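# Fold and geometry: a report
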Amino acid sequence: MKKYSFFSIVLLLIGALYFTSCQKDTGPQIQDQDILPENFKVDIPSALSYDQSTLKSATLDTLKGNVIYWHLGTFIHAGESGADIVEHIIRIIWIHHINRPMSFSFESGDDGRVKNVVVVAESFFDNQNWEFQMTVTDAESEGNDDGGKAIQIFWNRSPVKGISVLKPYNIDRIENEERPDAMFRIDYSEAGDHGYDAEMLVYASDLEVADPLENPYSMSSLKMFAGRKGNKVDVYGNSDHPNAVLIAGNAGFDYAFVASGDNNTDLGVAEIGLPPTNLDEPSRNVLLGYYSIKNVLTREIYEVWPYIDEESVEAFLYNSAAPGYFDSYGFVSGGTSPGSEYDEIESRLPNLSPYNPKEITNLNIQFKE
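Let me sum up the structure you'll find in this document. Every residue gets a number counted from 1 within its own chain, in the order that chain's sequence is written. Totals for whole chains, interfaces and linings use all residues, but because this is a predicted model, local features are given only for residues with pLDDT of at least 70 and pairs of side-chain atoms are given and counted only at 80 or more. To obtain the side-chain values, all non-hydrogen atoms of the structure were used and water was disregarded.

## Examining the nonpolar core
Among the buried residues, those of types Ala, Val, Leu, Ile, Met, Phe, Trp, Tyr and Cys that are joined through side-chain atoms within 4.5 Å form a nonpolar core. Burial classification: accessible surface area is computed with a 1.4 Å probe over protein chains only, and a residue below 20% of its type maximum counts as buried, one above 50% as exposed, and the rest as partly exposed. In this structure, L72 and I272 are the most contacted members of the largest nonpolar core, which totals 52 residues. Whether two residues touch is decided by their heavy atoms; if any such pair falls within 4.5 Å, the residues are in contact. With near-sequence residues (within four places) excluded, I272 lies in contact with I68, Y69, L72, Y255, A256, F257, L288, Y291, S292 and I293. The next biggest cluster of nonpolar side chains, apart from the first, holds 25 residues, and it includes W130, V165, F225 and Y325.

In structure tokens, the structure reads:
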């Protein structure tokens, strides 16, 4: 799957420091403090979030479940990378002490287009009041239906809480020319509303779906929650793969998952389901039980080979049982715990549940008008 240029987005904001024209707001000065939060994401243990190319291969056997488990870290990594965009932007600006409402324009070093930046105090979005809002637009596109919006960030300082919405096409027209509709949203909070020290929700919609003959498993949308309590991190969510096929050729799967990891030991445990993308069902028992990896693959095997012997099926489904166990090198085993060091994080899974697959299929991300 092709990734967006996160570094380009960071450079865009660095370019703001060398803007060609600047108009600062005359609103009230906020004394001796920066208005941007320093952090805007939850770090996920690398056992559950990784780039495929950096770890041991998943092609040790045939399908056997481990390949499906192995991709868990890839999809979680995709969601976490979306949050990285926002945190990089915030840290770049935070370093340079933006501490009052202001506005300025600059020419992007990426696509050569003028970008406008406006920071205002007091905003209302998504049924919440916010202390501040920052909006970055592509100047020439401000007359379009999307207003040319590239980035919007809404946040409160105490406790730290915020929402960020991004449209890569308006950030860099060159890098994202073929992805004009893709949208991202990251919600972050340190308010402790759900019992976590910090939590985030990552959304992605209208992603480019590859030609199914080239990559039938490309993702169209994603919703992922991550919450940190001490050293433990819980992650759950879904990614939508409209052209994905397994064995019987039935197209369209939702990758539903729950996982828990430990940042100290870098161990993780996960359960995964493969329901249809159009399934309208929120039940954990259905999404991770009836549609568990092993159950789905078993049904598809017998659909194609109704008279296959049970021994062959079990051999084929080796490592497909739940839960799956991970370490810093990736997937370890499925169904059987490698040791007691996994017990504490495994005990957290029953309290976690994915989202309704139909909700992910119909996911729609919008800027504030």
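From this point, the discussion proceeds with the structure in view.
## Notes on the pairing of strand 6 (residues 160-166)
In terms of residue burial, strand 6 counts as a mostly covered element, since 6 of its 7 residues are buried. The turn linking strand 5 (residues 149-157) back onto strand 6 is made up of 2 residues. At least two bridges found by DSSP between two strands are what make those strands a pair. Counting from the N terminus, the helices are the DSSP runs of H or I reaching at least four residues and the strands are the DSSP runs of E reaching at least two. Summarising the sheet, strand 6 and strand 7 (residues 183-189) pair through 6 bridges and their orientation is antiparallel. Counterpart to K161 in the pairing with strand 7 is S189.

## What to know about the pattern of salt bridges
Here, a salt bridge means any Lys or Arg side-chain nitrogen found within 4 Å of an Asp or Glu carboxyl oxygen. Using the criterion set out here, one finds 19 salt bridges in the structure. Across the salt bridge formed by R185 and D187, the nearest N and O atoms sit 2.8 Å from each other. In this structure, R185 and D187 share a single accessibility class: buried. A salt bridge links E271 to R284, with the shortest nitrogen-to-oxygen separation between them at 3.0 Å.

## Focus on unusual backbone geometry
A cis geometry characterises the amide bond from S158 onward to P159, with omega recorded as -5°. Here A322 and P323 are connected by a cis peptide whose omega angle stands at -5°. Secondary-structure assignment places P323 in the loop between helix 7 (310-316) and strand 13 (324-327). If you check the backbone angles, D126 has positive phi at about 55° while not being a glycine. Positionally, D126 belongs in the loop between strand 3 (114-125) and strand 4 (128-138). The exposure class assigned to D126 is partly exposed, which follows from its relative accessible area of 37%. A positive phi angle, close to 70°, is found at N319, a residue other than glycine.

## Looking at the packing of aromatic side chains
Any Phe, Tyr or Trp ring, taking Trp's six-membered ring, that has another such ring centre within 6.5 Å forms a pair; planes under 30 degrees apart are called stacked, those over 60 apart edge-to-face, and the others tilted. Inspection of every chain in the model, using the stated rule, returns 9 aromatic pairs. With centroids separated by 4.4 Å and ring planes inclined at 10°, the aromatic side chains of F125 and F154 adopt a geometry described as stacked. Linking F125 in strand 3 with F154 in strand 5, this pair joins segments that are 29 residues apart in sequence. Residue F125 is classed as buried on the basis of its relative accessible area of 10%. On the basis of relative accessibility, which here comes to 0%, the residue F154 falls in the buried class. Summarising the aromatic geometry, the rings of F225 and Y236 are spaced 4.8 Å apart at their centres and angled 25° between planes, so their arrangement reads as stacked. In this pair, F225 is assigned in strand 9 (residues 221-229) and Y236 in strand 10 (residues 232-241), connecting sequence segments 11 residues apart. One aromatic cluster in this structure is built from Y196, F225, Y236 and Y355. Lysine NZ or arginine CZ positioned within 6 Å of the ring centre and within 35 degrees of the ring normal marks a charge as sitting over the ring. Positioned above the aromatic ring of Y355, the side-chain terminus of K223 is 4.2 Å from the ring centre. The residue whose ring lies beneath R299 is Y290, and the NZ or CZ to ring-centre distance is 3.9 Å.

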